[in-house]
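Analysis of the macromolecular model
Spelled out, the chains give:
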Amino acid sequence: MIKNLIFDFGKVLVNHDLQPLLERHFGDDEVSLIGFHKILSDPEFINMCDRGIIPFEKMIDGAIKRYPEYSDAFTFFKDNYLEEITGEIEGMHVLLKKLKQSGFKLYGLTNWSDTIYRVMEKFDIFQLLDGVVISCEEHFIKPEKEIYLRLCDKYGLKPSECLFADDRMVNVLGAKAIGMEAVLFTTTKKYIFEIERIFGIKIEQ
């Protein structure tokens with residue numbers, strides 16, 4: 001019997017959009033914007049941030065030394081990072097409250113750098129969670145099995161009693177591989193449909 005609902009953070013609890021922030025810095029310089037965005041979206045850069053090998057600010061310092069032509073952009077990005085997080089996913093705050101009142105335990109499992117603490121302070125939805133596991137603290141990232149098992153060990157959860165939601169299928173499959181039920185998150189409405197299907201309940205919208 002599933003008792004625990006586990007949520008990814010980005011694109012599940014809060015939305016993020018890097019483009020407007022970069023446009024504010026680069027203006028009409030589209031070539032530089034594209035070049036900088038390519039660096040930030042590089043899987044190696046993202047994974048190093050998420051694994052917490054070194055703190056985010058030191059990562060930025062290292063990137064400035066590696067790409068001095070973007071030193072101002074990296075400093076701007078670091079100083080204005082929270083602007084990338086555009087708000088809570090519509091309807092999720094209300095839904096989590098209803099699920100919590102129904103008796104479910106709510107947990108977070110995210111790949112994120114240590115900037116996540118600033119995000120969690122800003123948005124109230126994170127206060128509804130009964131516990132979290134963050135990749136930068138564990139030095140593992142989804143879909144590695146160790147991070148899912150760390151959540152279970154930390155809070156005494158049985159994988160078979162957990163339903164995990166993530167916006168990336170590779171992470172959904174990672175959860176299933178250790179015995180969790182898991183669904184791909186696309187919208188709040190679709191997640192409600194999955195909840196109603198799995199539990200045979202009706203959620204008022």
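Note: the structure precedes this text.
None of the values given here were measured: they were computed from a predicted structure.

1. Here we look at the sheet that holds strand S7 (residues 181-184)
- Here we have five strands laid out as an open sheet, ordered S5-S4-S1-S6-S7, and parallel in their pairing. Strands at the two margins of the open sheet, each flanked by one partner only, are strand S5 (131-134) and S7. Within the sheet, the average angular offset between the axes of one strand and its neighbour, ignoring direction, is 20 degrees.
- Of the strand pairs in this sheet, strand S1 (residues 4-7) and strand S6 (residues 162-166) are connected by four bridges, and their pairing is parallel. Within S6, the residue paired with Ile6 across the bridge is Phe164.
- Along the sheet, helix H9 (residues 145-155) contacts S1, strand S4 (105-110), S5 and S6; its crossing angle with S5, the most-contacted strand, is approximately 150 degrees.
- The sheet contacts of helix H10 (residues 169-177) involve S6 and S7, and relative to S7 the element is tilted by about 170 degrees.

2. A few points about the pattern of salt bridges
- Following the criterion strictly, the structure yields 10 salt bridges and no others.
- In this structure, Glu161 engages Lys3 in a salt bridge whose closest nitrogen and oxygen atoms are separated by 3.9 Å. Pair noted here: Glu161 is in the loop between H9 and S6 and Lys3 is in the segment before S1, with a separation of 158 residues, a long-range link.
- For Lys3, a relative accessible area of 43% corresponds to the partly exposed category.

3. Some words on the packing of helix H3 (residues 43-51) against helix H4 (residues 56-66)
- It is the contact of H3 with H4, at a shortest axis distance of 9 Å, that shows an interaxial angle of 150 degrees. Taken as axis vectors, H3 and H4 run roughly antiparallel relative to one another. Where H3 crosses over H4, the two elements pack in a sense that is right-handed. Between H3, through Phe45, Met48 and Cys49, and H4, the contact on the second element is made entirely by Phe56, Met59, Ile60 and Ala63.
- When the residues that make up the contact of H3 with H4 are grouped by side-chain class, the tally is seven nonpolar, no polar and no charged.

4. Comments concerning the pairing of S5
- Covered by surrounding structure in S5 are Gly131 and Val133 together with Val132 and Ile134, the residues of both alternating faces.
- When S4 meets S5, the two strands line up parallel, connected through four bridges. Following the sheet pairing, Leu109 is matched in S5 by Val133.
- Crossover handedness for the path S4 to helix H7 (residues 116-122) to S5: right-handed.

5. Re the nonpolar core
- If you look at the biggest cluster of nonpolar residues, it comprises 55 residues, and the most contacted ones within it are Leu5, Phe7, Leu13, Leu99, Phe126 and Tyr191.
- With residues up to four places along the chain from it excluded, the contact list for Leu13 reads Phe7, Asp8, Glu88, Ile89, Met92, Leu96, Ile125, Phe126 and Leu129.
- Within the second largest apolar cluster, 16 residues are counted, among which are Ile6, Val133, Tyr148 and Cys162.

Cut-offs applied
Residues numbered from 1 in each chain as written. Predicted model: local features only at pLDDT ≥ 70, side-chain atom pairs only at ≥ 80, totals over all residues. Heavy atoms only, no water. Pairing = 2+ DSSP bridges. Helix = DSSP H or I, 4+ residues; strand = E, 2+ residues; numbered from the N terminus. Axes fitted to C-alpha atoms, helices over the stretch in contact; angles between N-to-C directions. Contact = heavy atoms within 4.5 Å. Salt bridge = Lys/Arg side-chain N within 4 Å of Asp/Glu carboxyl O. Buried < 20%, exposed > 50% of the residue type's maximum accessible area, 1.4 Å probe, protein only. Parallel < 35°, antiparallel > 145°, perpendicular 65-115°, else oblique. Left-handed = near helix turned anticlockwise from the far one by under 90°. Nonpolar A, V, L, I, M, F, W, Y, C, P; charged D, E, K, R; others polar. Right-handed = clockwise from strand over helix to strand, strands pointing away. Core = buried A, V, L, I, M, F, W, Y, C linked by side-chain atoms within 4.5 Å.

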